[in-house]
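These are the residues of each chain, in order.
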Amino acid sequence: MTRVLGELNAGLRESLEMDETVHLLGEDILDPYGGAFKVYRGLSTRFPDRVHTTPISEAAITGLAAGMALRGLKPVVEIMFGDFMALCHDQLLNHVSKFKWMYNRQVRVPLVVRTPMGGRRGYGPTHSQSIEKHLLGIPGIRVVAPNTFISPRQMLVDAITKDIDPTIFIEHKLLYGKHIRDPRTLSELSVEQTGGMYPTVELTWQGAPRPTITIACYGFNAELVAEAMEILAFEEEIFSETVVLAQLSPLEIEPVLRSVLKTSRLLTVEEGGRSFGWGSELISRVCEALPSSALNGIGRVAARDLPIPSSRKLEDELLPSVDDIVQVALQTTKANR
Amino acid sequence: MSSSGQTQLTESQSQRLREQFVQMIEIRLFEEKILHEFPTGKLFGTTHTCIGQEANAVGILSAARRDDVVFSNHRGHGHFLAHGGDMKGLFAELMGKETGVCGGLGGSQHLQWNNFYSNGILGGAVPCATGIAMAEKIKKSGAISIVFMGDGTLGEGVVYESLNIASLWKLPMLYVVENNRYAQSTPIELNLAGSITARFEAFGIPAVELNTTEVGIIHESARGLIDEVRRLQEPRCLVVETYRFSPHSKGDDSRDPEEIAHYRQYDPLLMLNDVLSEKERSELATAAEKKVLEAFRQAEGDPYRQVDEGVQTSLEPEN
């Protein structure tokens, strides 16, 4: 089965093939280099007029893409490391996200910005962050993240060619090497997937007692949660239900609510810093939506609120691990609010 | 500031200058009306008028095609009107009426109509406009992209990122700098090092600098540059030394009144005294005044934009 990297490469190729208004912009994306993470391999050779290598100007290339999108093209911008998203924040916040609304729906901005986030490679404080939380909740921008339970290829194709709103496509560096999961290999887990361009996946133990905790996560953390689920089930006899979201913002909590109504407990997992993170919002929304009697435990697994050190050992201590997820899940199931 | 002596004009040149006078005086009276009405509470927020700078908008945009794409800034009413924008729609927009250019949602600094865009983040328009040039080049539409900046805008880094790309990729872009010597309250001596034109030339973008309020001269210069941009598919820059008689926004003006009085001698409207008779100017001014007042009156009568319109104001994704 293909790895996520191959899926993304295929998604870009398919988008270029399907739609001649698609243009790719990014730094170092031309062949033979094909991008810092090789996502662009083969594309500039095949589509020389539509793959544009740019100077190191994150703000300008985002603004350029905004202008191109306003005038009928479908640009895809790569920001080489998610840490560099800070450089294009004004263009996203004050231009891209606002054009459709403040211009009274007279325009559309069908652009995609894709970027790899994440640590665990020892790259240090400015090349390891998961700072997508700073993009969540901006009205007018969709933030999505692929995972191995769905088709990243299809998700990227849809984001580029079908989604007419601005979309930020958050990838995780460690996800690139992971294989897309074959549902047949998950025999003890039932996998339900919602419809839409950015499907939510629900993982439930088949033929097991009623689940007593819901674990919500996205992107690479689904890998860690899947491992934690097994440990919780086989070593602790705690059966969890996992909800893997692909769309981080705007937040659609229905699948999470459905699960929490069954389990009465919610644990959120993210690699970003704990404070003001994705988990905070998800838990707040669930608390707002459910009567207090329906919720018996909440927990958050996230990185500590510190820069990420370069030393791998320190990095591992700071970032969420499978064991962290297991421990917090145990605490959450034992506690009662 | 320079002013040319009387030259022999052809009929078509005279006619064009007459039309340009009309455009300029309409902008002038529109802006004066705005400043006059703000204290009455009929207009929301703030505004940045271009009184004194009308020749730039009119001279340059009368040399552009209607399908050329203009990106302006906070001081954009003149650019909007000169590129064919509707006066009543602009009044209504400032009043927050549903008949406004952007249905009352954008206001003075956030306009979109036809091939006109504006946004209130200084410098932020420059990469967008550069991307617009890229799109028009790719689409082979023949249209060019024009962005209006001020001297203050040259403080923003993203401007230089854009110049580099426009030159590298040979984009059909005209960068216009209206140097009115002040960025809000700050005179240019405290803001700008080096030369404005040299900034563009450093990126390989030829730049022309004008020091005039004569609309005819600005028009000729713009026409030549726009033609080059369109024909050669390359960026160009036009710097116009200019002066605004109005405050930065509504009442904030700490400039020396003598300095302002000095520049009023070069009011772009006065610069056509040799071309149009006093009688003609008076008639055109009266007609313009009538048009402005009528547009204002109509806008006043329109309903306010309601916020609870579900889909219209929702930012939920469409699909």
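Quick caveat: nothing in here was measured; it's all calculated off a predicted structure.

Comments concerning the side chain of threonine 204 of chain A
No. 1: Mapping threonine 204 of chain A onto the fold places it in strand 8 (residues 201-205).
No. 2: Excluding its chain neighbours within four sequence positions, the residues that come into contact with threonine 204 of chain A are Glu188, Leu189, Ser190 and Glu241 of chain A.

Some thoughts on the packing of aromatic side chains
No. 1: This model, assessed by the stated rule, comprises 19 aromatic pairs over all chains.
No. 2: Centroid distance phenylalanine 37 of chain A to tyrosine 176 of chain A: 5.5 Å. Interplanar angle 45°. Geometry classified as tilted. Separated by 139 residues along the polypeptide, phenylalanine 37 of chain A in the loop between strand 1 (22-26) and helix 2 (43-46) and tyrosine 176 of chain A in the loop between strand 6 (167-172) and strand 7 (189-193) bring together distant segments of the chain.
No. 3: Take phenylalanine 37 of chain A: its relative accessible area is 11%, and that puts it in the buried class.
No. 4: An angle of 45° between the planes, with centres 6.4 Å apart, marks the rings of tyrosine 243 of chain B and phenylalanine 245 of chain B as tilted.

Here's the deal with the pattern of salt bridges
All names here are of chain A.
No. 1: Evaluation of the coordinates by the stated rule reveals 36 salt bridges over all chains.
No. 2: A salt bridge links arginine 258 to glutamate 202; its shortest N-O distance comes to 3.0 Å. Of this pair, arginine 258 sits in helix 8 (residues 254-263) while glutamate 202 sits in strand 8; the two residues are 56 residues apart in sequence, bridging distant segments of the chain.
No. 3: Classification of arginine 258 by relative accessible area gives partly exposed; the value is 43%.
No. 4: For arginine 285, the salt bridge goes to glutamate 281, with nearest N and O atoms at 2.6 Å. Of the two residues, arginine 285 and glutamate 281 are both situated in helix 9 (residues 278-289); the distance of four residues between them amounts to about one turn of the helix.

Observations concerning the interface of chain B and chain A
How large an interface is tends to be reported as the accessible area lost when its parts come together.
No. 1: Every contact between the two is made by 46 residues of chain B and, on the other side, 42 residues of chain A.
No. 2: Carbon and sulfur atoms supply 61% of the area buried between chain B and chain A, which totals about 3600 Å² over both sides.
No. 3: The closest approach of N and O atoms between arginine 71 of chain A and glutamate 136 of chain B, which form a salt bridge, is 2.8 Å.
No. 4: The interface formed by chain B and chain A contains eleven residue pairs in polar contact (both at pLDDT 80 or more).
No. 5: Mapped onto the side of chain B that touches chain A, the elements with two or more residues apiece are strand 1 (69-72), strand 3 (116-118), helix 5 (125-139) and helix 6 (157-168) of chain B.
No. 6: If one sorts the elements of the side of chain B that touches chain A by residue count, helix 5 of chain B sits on top with eleven residues.

Examining helix 2 (residues 54-61) of chain B
No. 1: Helix 2 of chain B sits mainly inside the fold: eight of its eight residues count as buried.
No. 2: For helix 2 of chain B, the complete set of buried residues consists of Glu54, Ala55, Asn56, Ala57, Val58, Gly59, Ile60 and Leu61 of chain B.

Quick notes on the confidence of the model for chain B
No. 1: In this model, chain B carries a mean pLDDT of 94, and residues with pLDDT of at least 70 account for 94%.
No. 2: Of the two predicted TM-score estimates for the complex, the pTM is 0.96 and the ipTM is 0.96.

Rules behind the numbers
- Along each chain, the written sequence defines residue order, and numbers are assigned to residues from 1.
- Think of it this way: whatever chain is written first is A, whatever ligand is written first is 1, and the rest follow in order.
- Note on the predicted model: pLDDT of at least 70 is required for a residue's local features to be given, and 80 or more for side-chain atom pairs to be given and counted; whole-chain, interface and lining totals, by contrast, use all residues.
- Processing note: side-chain calculations cover all non-hydrogen atoms of the structure and skip hydrogens and water entirely.
- For the purposes of this entry, the term helix denotes a DSSP run of H or I that reaches at least four residues, the term strand denotes a run of E that reaches at least two, and both are numbered from the N terminus.
- Note on contacts: a residue pair is in contact if any heavy atoms of the two residues lie within 4.5 Å.
- Centres within 6.5 Å are what make two rings of Phe, Tyr or Trp a pair, Trp counting through its six-membered ring; a difference in plane orientation under 30 degrees is then read as stacked, over 60 as edge-to-face, and the rest as tilted.
- Three exposure classes are used, based on accessible area relative to the maximum for each residue type with a 1.4 Å probe and protein chains only: buried under 20%, partly exposed in between, and exposed over 50%.
- The term salt bridge refers to a pairing of a side-chain nitrogen on Lys or Arg with a carboxyl oxygen on Asp or Glu at a separation within 4 Å.
- Note on definitions: buried area is the accessible-area loss of two parts on being combined, 1.4 Å probe, summed for both.
- Pairs of N or O atoms within 3.5 Å make up the polar contacts considered here, provided that, within protein, one atom can donate a hydrogen while the other can accept it, and that residues adjacent in sequence are counted only when both atoms are side-chain atoms.
- The predictor rates its confidence in each residue with pLDDT, a number between 0 and 100.

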